Structures are given as structure tokens and as C-alpha cells.
Amino acid sequence: MLPRGTRRPPLFRSKSRVARSANLRVASVWVGLAVALLFAVVAAYNGWLMRAVLLDILSLWPGLAVSLVLLAIRSRMTRHRRTFLRQGPGAATPFLVLTWLVVGLGSHLTGWEALPSSAANLAGPPVEGEIAGAVLDLRTDGQVTLDGRAGLLYEVDQMRTGGHIGPARSSEVVAGDEAVVRLTEESEPGWFGSRGWNVSISALPEWSVNIMAGSVDADLTAVRLTSLRVVADGRVRLAATPGDVPVFVAGAVVLEIPSDASVEVTGSVQVGPGWEVTADGKRFDGSGTTRFLVEVDPGSELLVEQWEGIEEPEEPEPDGGVEDQVEGATP
């Protein structure tokens, strides 16, 4: 019996609070796991992500299985656990599954090549200076990003956002120092349906590029073009290439060209100051050696923007140059 007026120590109340706190943490982990599972399924179903994200997550099951086995062994060996992960399999199990889901989603979004979703990616043969000229014929109803940074002749990756566009299917013909690359859609997207493709081509050969797509975002400043045909909406950026480069445009396109390049446009076009109106279009006389001959399809909307190219620095004359030698020469 305790003396009158003495309160009982809150021993049972403290244990109850600890138990409630532990149960709350376990419940929060289960809720987080349920939200992550729901997000993965809804994202794949609504096209926010490729349906192949589910294959990528499931493909990492060996890591989850090993972790659960180790957890079971440790639970057998250790009875008193004080940290969050040691408050029983009720908290640790959903925490491991949640970690597995997060790792799977992150690996999918970063495009890890070991995952099943990367099976639809394409890669062409090495260039190594053997191919001097190449043709790219690209046809899809989806979105396309294009650049000239490929280590091989060409590389194609699926966009990570879901959609109805099937994986790219390639056919290539190499004859001597010439190559022809054709990219078309697979008939059935299946698990690999996406919004489109990320395409990269090598900067070594000269390219003739033909693009027919729903939309395009192309940065070809690293590519030497012999011709360009774009049937799509979007933006295309070009670099200076010595000589005449024929360009055909059909759609709502923004064409970015170096400010020192000459341009002759046949058809309707929106331009900045300094252009001359001709009988069938507009013309700009630049100081460089590049001339783009642009033909605009009737009904299309072309906007030409000029950007400042990076000028190569002039090599300094060595000491005692030609002029000094001429002046100091003996007649």
C-alpha cells in the first residue's frame, strides 16, 4: 500500500504509450507500402509510366527474397530489439518491401540497362570512321528527341512515360562507306508502349535525315547534314555546314539556324529583322559558307530563329612569320 496522497508511478501508462507508438510506426510503414503499390499500378494503367515498370519491379525479387530470409534468421537469433527496424517483423517486413518498390521505380526511371524495360532499346553498329555518309529514315506517330551524341551509328531508347507507341524496329544496310538506317514502330506496343523514342546518331558521318513523327525536338548542332526533311510539329536546331543544305518542312516547326548562315525560304515563314522579301518567300544573306535552302509545305507554320554560333579561335601567328621574313629578306 502506498501512503495516502502518493500517486502511483505511471509505469503501465508509459508502457502503453511505447506500445501505441510502435504500433503507429508499423501502421505508417504499411500505409506507405500500400500507397507505393497503388501508385505503381495506377501509373502503369493510366500511362504515366510504361507498363514495363511492373516487370522491372518484379525482376528485382531476388534481392527482396534474400532480405526477407536474412530478416527471419535475425528474428530467430535476437529477441530484444530496440531500434525501428528491430521492433519485430511487423515493421521490418513492409519496410523491406517498400524499399524494394522504391528501388524498382528509381531504377526504371533512370533507365537501368539490366531491367526488362531496356530490352526494347536499340543500338547500331560501331562507326570507327568506316562510314562516311548515312541516311536516317525515322517514322513514328509519337514523340521524338534527336541528337548527335551516339557512340555507335545510332541508339534508340524508349521514353519512360507510358503511351500507345510501340518500340522502335530498325533495319540497316551498310554498303561500303554508306549506311541507311530505317526506324519504324512495332505493330503491338505490349508492355513497352510509351510516348515515343529518344534517338541519338553518331556525329562522325554526314547525315541525310528524314523525320515523320507526331512531334520532334532535335538538336543537330553536332551533326553534319547533307539534307533534312521534317514532317512533324516541334523544334529543330542546326549547325553550320559548308555548302548548300536542302531542308523541307511540313508542320508547325521552329527552325534554329546559326546567325552567319545564309537562308533562302520558299513558302510562308516568320523571321526576324534583316531579311529580304523575294517573289516566293524570304532570304537572308549571311557571312558564312553555309546556305540552307528551305521549302515550306503549304499550310505549314515555320518560324526561323537565328542563334549565335561559337566561332573557332584563330591560330596565333608564330614568331618571325611570313611578313617578318619578307621584310627581313635580302633582295
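As the structure is a prediction and not an experimental result, all values here were calculated from the model.

Rules used in this analysis
Residues numbered from 1 in each chain as written. Predicted model: local features only at pLDDT ≥ 70, side-chain atom pairs only at ≥ 80, totals over all residues. Heavy atoms only, no water. Helix = DSSP H or I, 4+ residues; strand = E, 2+ residues; numbered from the N terminus. Contact = heavy atoms within 4.5 Å. Areas by Shrake-Rupley, 256 points an atom, 1.4 Å probe, with all protein chains shown as cover. Patch = residues over 30% accessible without salt bridge, like charges linked within 9 Å, V, L, I, M, F, W, Y side chains within 5 Å. Salt bridge = Lys/Arg side-chain N within 4 Å of Asp/Glu carboxyl O. Buried < 20%, exposed > 50% of the residue type's maximum accessible area, 1.4 Å probe, protein only. Arc of directions from axis to C-beta. Phe/Tyr/Trp six-rings, centres within 6.5 Å; stacked < 30°, edge-to-face > 60°. Lys NZ or Arg CZ within 6 Å of the ring centre and 35° of its normal. Pairing = 2+ DSSP bridges. Core = buried A, V, L, I, M, F, W, Y, C linked by side-chain atoms within 4.5 Å. Polar contact = N/O pair within 3.5 Å; in protein donor to acceptor, adjacent residues only side chain to side chain. pLDDT = per-residue confidence, 0-100.

A few points about the overall build of the chain
Each helix and strand in the chain was counted, giving 5 helices and 16 strands. Partitioning the contacts of the chain with sequence separation of at least 6, the portion at a separation of at least 24 is 66%. Surface summary for the chain: the accessible area is close to 19800 Å², and the carbon and sulfur share equals 57%.

Things to note about the environment of valine 144
Among the secondary structure elements, valine 144 is positioned in strand β3 (residues 143-147). For the pair valine 144 and glutamine 158, spaced 14 residues apart in sequence, the C-alpha to C-alpha distance is 9.8 Å. If we skip the residues at most four places from it in the chain, valine 144 touches Leu138, Met159, Trp197, Val199, Ala213, Ser215, Val216 and Asp217.

Quick word on a nonpolar patch on the surface
On the surface, Val66, Val69, Leu70 and Ile73 cluster together to form a nonpolar patch covering roughly 370 Å² of accessible area. Among the residues examined, valine 69 registers a relative accessible area of 48% and is labelled partly exposed.

Let's talk about helix α2 (residues 52-59)
The complete set of buried residues in α2 reads Ala52, Val53, Asp56 and Ile57. Down the axis of α2, the buried set is contained in an arc of 150°. They therefore lie on one face.

A closer look at the packing of aromatic side chains
Applying the stated criterion across every chain, the model contains 1 aromatic pair. For the ring pair tryptophan 275 and phenylalanine 284, a centre distance of 5.5 Å and an interplane angle of 40° mean the geometry is tilted. The pair formed by tryptophan 275 and phenylalanine 284 is uniform in burial state, with each residue classed as buried. Directly above the ring of tryptophan 307 sits arginine 237, whose terminal nitrogen or CZ lies 4.1 Å from the centroid.

Some points on the pairing of strand β2 (residues 133-139)
Taken across its 7 residues, β2 has 5 buried, putting it largely inside the fold. Note: β2 against strand β6 (residues 178-185), 6 bridges, orientation parallel. Across the sheet, residue leucine 136 finds its bridge partner in β6, namely valine 181. Pairing between β2 and strand β8 (residues 206-220): 7 bridges, direction parallel. Within β8, the position partnered with valine 135 by the bridge is serine 208.

Some details on the nonpolar core
Across soluble globular proteins, you tend to see nonpolar side chains buried next to one another. Counting residues in hydrophobic clusters, the biggest one holds 49 residues, and the most contacted among them are Leu146, Val294 and Leu302. Broken down by element, this core gets its largest block of residues, 7 residues, from β8. Once you skip the residues sitting within four places of it in the chain, valine 294 turns out to touch Val247, Val249, Leu255, Val263, Glu264, Val265, Thr266 and Leu302. Core analysis: the next-biggest nonpolar cluster, separate from the first, contains 13 residues, Val53, Ile57, Leu60 and Val97 among them.

Some words on the pairing of β8
Relative to β8, β3 is paired through 5 bridges, and the arrangement is parallel. Bridge pairing in β8 links aspartate 147 to aspartate 219. The pairing of β8 with strand β9 (residues 224-238) spans 13 bridges and is parallel. In the strand pairing of β9, alanine 218 is matched with valine 236.

Here we look at the side chain of aspartate 137
Position of aspartate 137 among the secondary structure elements: in strand β2. A distance of 2.9 Å separates polar atoms of two side chains, one belonging to aspartate 137 and the other to asparagine 210. Those residues in contact with aspartate 137 that lie beyond four places of it in its chain are Val181, Arg182, Leu183 and Asn210.

Some words on the confidence of the model for the chain
A residue-level look at the chain finds 79% of positions with pLDDT of 70 or above and a mean pLDDT of 81. pLDDT under 50 marks residues 80-88. Its contacts with residues more than four places away, or in other chains, come to 14 contacts. Across residues 311-331, confidence stays below pLDDT 50; counting only partners more than four residues off in sequence or on other chains, it has 1 contact.

Re the environment of aspartate 285
Within the fold, aspartate 285 resides in the loop between β14 (281-284) and β15 (290-296). Among the residues examined, aspartate 285 registers a relative accessible area of 57% and is labelled exposed. Taking C-alpha positions, aspartate 285 is 7.8 Å from tryptophan 275, a pair spaced 10 residues apart along the chain. Excluding residues within four positions of it along the chain, aspartate 285 makes contact with Ser262 and Glu276.

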